[in-house]
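# Per-entry structural report
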Amino acid sequence: MDINKKLNNIVEAVFMLSLVGILVFVSNISIIPLALVPILFSIYIFRNGFGKFFLVFVLSASVSLLYLDLYDSLAIFISILAISLLFTLAIKYIKSDKAEIVLVAIVLSLIFIGLYVFAMKKEGLSLDYLAENLKEYLENSLDYNFSLDVYRLSLALFPSMFTFFSVIYSILGIKLIRNYVNIKEGSLEDLDNINEIRIENKDILTIVAFMAIIYIVCNFLKLNMTYVKVNMLAILVEILAFNGLSAYDYMISKSNIPLSRGFQWFFIIILLQFLIILFIILGFIDIILDVRKKRSFNEEQR
């Protein structure tokens, strides 16, 4: 029995090493394979422990030197290590689903922003250079004629853009890890009822305090405060939009509409650019009125 167990562990480690190598190798085509690596590593930690994980991680990083230069390999695998441990420790020690998602999303945002800045420094790029090239490309390809400041401001929104993707990635990552480990090991609870997570009044105070700290730090670092203010506003809008989407998902999950939930979301995703304002408004209303609670109360009355 011990021999079979050891053999299974070796096969699993070799498979993990091969899979990570392939995903990292094809990451120059798409970022999605690379995004799967920390999730796979976190699942591997829950199933096999930190010792075996670090062995596979070191071997994977070493193999990557065959097709990546040293600086790229260090940047990628240090980020993978940080994100893998972030997912694992947050899931293991934080009991609140909302706190778990928020913490992971915040740290992910910082990691992604750091990687973006690192890549720009490595390539010798600047915001002005990117804005000038974008302006030239769009004006040559399309009938656009905006000032350079507009392009510069658009490109300066990358922190809020990374925050947006970090929230989505944190939810998907936590759900995949917890649900898979629960099925295989039974040691974690599924991440169900995500649509019951909402922004409450007390959360607004926390968000405002956190942004005030960010504002003070950015001002101390003498960053362009116009860019900082625009990013903070964009992040606030994103928070309202996510809250509105969560409230909407809760409502359709409780509705009697004959269309399936997945089919309804298919149309929402297609029409999201037109409906986003409605979700932002719904998210704001939900903070004040708690539409989920009112919906549940109405169902109980029936």
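See the structure shown above.
Residues numbered from 1 in each chain as written. Predicted model: local features only at pLDDT ≥ 70, side-chain atom pairs only at ≥ 80, totals over all residues. Heavy atoms only, no water.

For the protein, the helix and strand inventory stands at 13 helices and zero strands. Each helix (α) and strand (β) of the protein, taken in turn from the N terminus, gives the series α-α-α-α-α-α-α-α-α-α-α-α-α. Burial analysis of the protein (302 residues in total) assigns 35% to the buried set. Long-range pairs, those at least 24 residues apart, make up 67% of the contacts in the protein between residues at least 6 apart in sequence. Carbon and sulfur atoms make up 69% of the accessible area of the protein, which amounts to about 18,600 Å² in all. For the protein, the separation between the mean place of its 25 positive charges and that of its 26 negative charges on side chains is 7 Å. (Helix = DSSP H or I, 4+ residues; strand = E, 2+ residues; numbered from the N terminus. Buried < 20%, exposed > 50% of the residue type's maximum accessible area, 1.4 Å probe, protein only. Contact = heavy atoms within 4.5 Å. Areas by Shrake-Rupley, 256 points an atom, 1.4 Å probe, with all protein chains shown as cover. Lys, Arg positive; Asp, Glu negative; His and termini not counted. Charge placed at Lys NZ, Arg CZ, Asp CG, Glu CD.)

With that settled, the discussion passes to the environment of Ala156. Relative to the assigned elements, Ala156 resides in the loop between helix 7 (148–155) and helix 8 (158–184). Ala156 sits in the buried class, given a relative accessible area of 6%. Here the alpha-carbon distance between Ala156 and Asn231, two residues 75 residues apart in the chain, equals 8.0 Å.

General note: in soluble globular proteins, nonpolar side chains tend to be found buried as a group. Residues Phe87, Leu108 and Ile177 are the most contacted members of the largest nonpolar core, which totals 21 residues. Of all the secondary structure elements, the ones that give two or more residues to this core are helix 2 (31–48), helix 4 (70–93), helix 5 (97–123) and helix 8. In terms of residue count, the dominant contributor to this core is helix 8 (six residues). Formed by 16 residues, the second largest nonpolar core is a distinct cluster that contains Met16, Phe53, Ala61 and Phe77. (Core = buried A, V, L, I, M, F, W, Y, C linked by side-chain atoms within 4.5 Å.)

Contact pair helix 8 / helix 10 (residues 225–253): the axes reach a minimum separation of 8 Å and the direction vectors enclose 25°. For the element pair helix 8 / helix 10, the angle class is roughly parallel. For the element pair helix 8 and helix 10, the recorded crossing hand is right-handed. Note on element contacts: helix 10 touches helix 8 through Asn231, Ala234, Ile235, Glu238 and Phe242, opposite Phe158, Pro159, Ser160, Met161, Thr163, Phe164, Val167 and Ile168. Tallied by class, residues from the contact of helix 8 with helix 10 come to nine nonpolar, three polar and one charged. (Axes fitted to C-alpha atoms, helices over the stretch in contact; angles between N-to-C directions. Parallel < 35°, antiparallel > 145°, perpendicular 65-115°, else oblique. Left-handed = near helix turned anticlockwise from the far one by under 90°. Nonpolar A, V, L, I, M, F, W, Y, C, P; charged D, E, K, R; others polar.)

A few words now on the side chain of Glu238. Within the secondary structure, Glu238 sits in helix 10. Under the relative-accessibility criterion, Glu238 is labelled buried at 14%.

The residue Lys222 is not glycine, and still its phi comes out positive at about 60°. Relative to the helices and strands, Lys222 resides in the loop between helix 9 (201–220) and helix 10. The class of Lys222 is exposed, set by a relative accessible area of 74%.

Here we come to helix 9. Between its terminal C-alpha atoms helix 9 stretches 29 Å, which fits the 28 Å expected from 20 residues at 1.5 Å a residue. Looking at helix 9, one finds that the buried residues are Asp203, Ile207, Met211 and Cys218. Across the axial projection of helix 9, the buried residues extend over an arc of 65°, all falling on one side. Across from the buried face of helix 9, at angles greater than 90 degrees, the exposed residues are Asn201, Lys202, Leu205, Thr206, Val208, Ile213, Ile216 and Phe220. Lys222, located one to two residues past helix 9, shows a positive phi value of around 60°. (Expected span 1.5 Å × (residues − 1). Arc of directions from axis to C-beta.)

A few words on the packing of helix 10 against helix 12 (residues 272–289). Two quantities define a packed helix pair, namely the angle between the helix axes and the distance between the axes. Put simply, helix 10 and helix 12 touch, their axes get as near as 6 Å, and they point 85° apart. Considered as vectors, helix 10 and helix 12 are oriented roughly perpendicular to each other. The residues of helix 12 that touch helix 10, namely those facing Val237, Leu240, Ala241, Asn243, Gly244, Leu245, Ala247, Tyr248 and Met251, are Leu272, Ile276, Phe279, Ile280, Leu282, Gly283, Phe284, Asp286 and Ile287. Its residues assigned to classes, the contact of helix 10 with helix 12 shows 14 nonpolar, three polar and one charged.

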